[in-house]
Amino acid sequence: MIKIYNTLTGHLDDFKPLKENEVSMYVCGPTVYNYIHIGNARPAIFFDTVRRYLEYRGYKVNYVQNFTDVDDKMINKANIENVSIKEIAERYIKAYFEDTSKINLKEEGMIRPKATENINEMIEIIQSLVDKGYAYESNGDVYFEVKKYRDGYGELSKQNIEDLESGARIDVNEIKRDALDFALWKSSKPNEPSWDSPWGKGRPGWHIECSAMSRKYLGNSFDIHGGGLDLIFPHHENEMAQSKCGCGGTFARYWMHNGYININGEKMSKSSGSFILLRDILKHFEGRVIRLFVL
């Protein structure tokens with residue numbers, strides 16, 4: 001029997017997939033606005049190893065890992081360089097494969113969707129949330145109303161809604177009903193990519209993309225959802241809330257989260273400036289050595 005430490009339950013749980021001899025697994029992939037650092041490589045390596053182990057144990061693994069190719073960081077990068085966001089995405093997706101090809105990731109049979117290829121699927125879920133009363137439109141933006149899901153919100157991150165409310169604040173120019181509400185759709189702004197929607201031109205919020213892509217390829221209920229510890233809240237918490245409310249099903253049954261790679265005692269991140277690019281460390285060490293070190 002395989003046991004998985006499940007973030008959702010906080011226990012080692014016996015692993016029983018929905019379908020006999022078959023595992024469905026969705027892992028949050030990179031936002032492609034820069035080269036990946038070795039902290040970004042950790043979930044890629046870890047969940048590739050999980051996949052390989054499950055296959056070794058005789059399971060067919062349906063493995064989906066996305067590319068986030070539209071978000072604030074990408075828009076800023078494109079505007080600074082005066083190029084399209086598509087050009088930024090294509091450049092760094094190409095670089096991602098150049099770098100990860102050297103650390104022995106198994107690409108065969110992988111499904112790697114892009115957020116911009118699944119806008120209609122996102123709009124469908126958002127419309128369902130609006131129709132069911134879990135979301136509302138405000139000046140062209142659409143927000144998930146967290147208090148409508150009071151009984152379930154915080155289940156994954158082990159936080160209660162009262163504590164979250166006490167630590168939240170709402171700016172004077174905010175147009176949402178509550179500080180905890182999160183964006184599903186953002187209205188169009190100058191120098192940003194946009195798509196048509198029932199609420200006017202705009203673009204999706206970050207969280208909705210993974211709900212749409214996991215549903216498209218794995219269904220409303222699937223076995224394993226993975227990512228780094230930093231994604232538990234708010235990203236995965238929000239994913240679970242909007243998927244359960246908008247699509248039904250159990251969404252992910254097992255949640256797996258890898259830890260950080262630290263540098264100078266702090267989590268490696270591009271925003272802090274404390275990171276080592278994978279392509280730079282590959283100049284000094286062979287890819288399989290890096291893979292073993294990370295594992």
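Refer to the preceding data block for the structure.
Cut-offs applied
- Residues numbered from 1 in each chain as written.
- Predicted model: local features only at pLDDT ≥ 70, side-chain atom pairs only at ≥ 80, totals over all residues.
- Heavy atoms only, no water.
- Pairing = 2+ DSSP bridges.
- Helix = DSSP H or I, 4+ residues; strand = E, 2+ residues; numbered from the N terminus.
- Axes fitted to C-alpha atoms, helices over the stretch in contact; angles between N-to-C directions.
- Parallel < 35°, antiparallel > 145°, perpendicular 65-115°, else oblique.
- Contact = heavy atoms within 4.5 Å.
- Nonpolar A, V, L, I, M, F, W, Y, C, P; charged D, E, K, R; others polar.
- Salt bridge = Lys/Arg side-chain N within 4 Å of Asp/Glu carboxyl O.
- Buried < 20%, exposed > 50% of the residue type's maximum accessible area, 1.4 Å probe, protein only.

**Q** Would you explain the sheet that holds strand β3 (residues 22-27) in this entry?
**A** Strand pairs in the sheet, formed through backbone hydrogen bonds, run parallel or antiparallel to each other. Here 4 strands make up an open sheet; going across it, the order is β4-β3-β9-β10 and the pairing parallel. Of all strands in the sheet, those bounded by a partner on one side alone are β4 (60-65) and β10 (251-258). Within the sheet, the average angular offset between the axes of one strand and its neighbour, ignoring direction, is 25°. Here β3 pairs with strand β9 (residues 221-228) via 3 bridges, running parallel.

**Q** Which parts of the structure should I look at to understand the packing of helix α2 (residues 72-81) against helix α3 (residues 85-100)?
**A** How two helices pack is summed up by the angle between their axes together with the distance between the axes. Two elements in contact, α2 and α3, have axes separated by 8 Å at closest approach and are oriented at 105°. As judged from the angle between their axes, α2 and α3 are roughly perpendicular. Counting all contacts with α2, which are made through Met74, Ile75, Lys77, Ala78 and Glu81, the residues of α3 involved are Ile85, Ile88, Ala89, Arg91 and Tyr92. Residue composition of the contact of α2 with α3, grouped by class: 7 nonpolar, no polar and 3 charged.

**Q** Before we go on, may I ask you to explain the pattern of salt bridges in this structure?
**A** Summed over the entire model, instances satisfying the criterion amount to 25 salt bridges. One salt bridge in this structure joins Lys186 and Asp72, with 3.9 Å as the shortest N-O distance. With a gap of 114 residues between them, Lys186 in strand β7 (residues 182-187) and Asp72 in helix α2 connect regions that are remote in the sequence. According to the relative accessible area criterion, Lys186 is partly exposed, its value standing at 23%.

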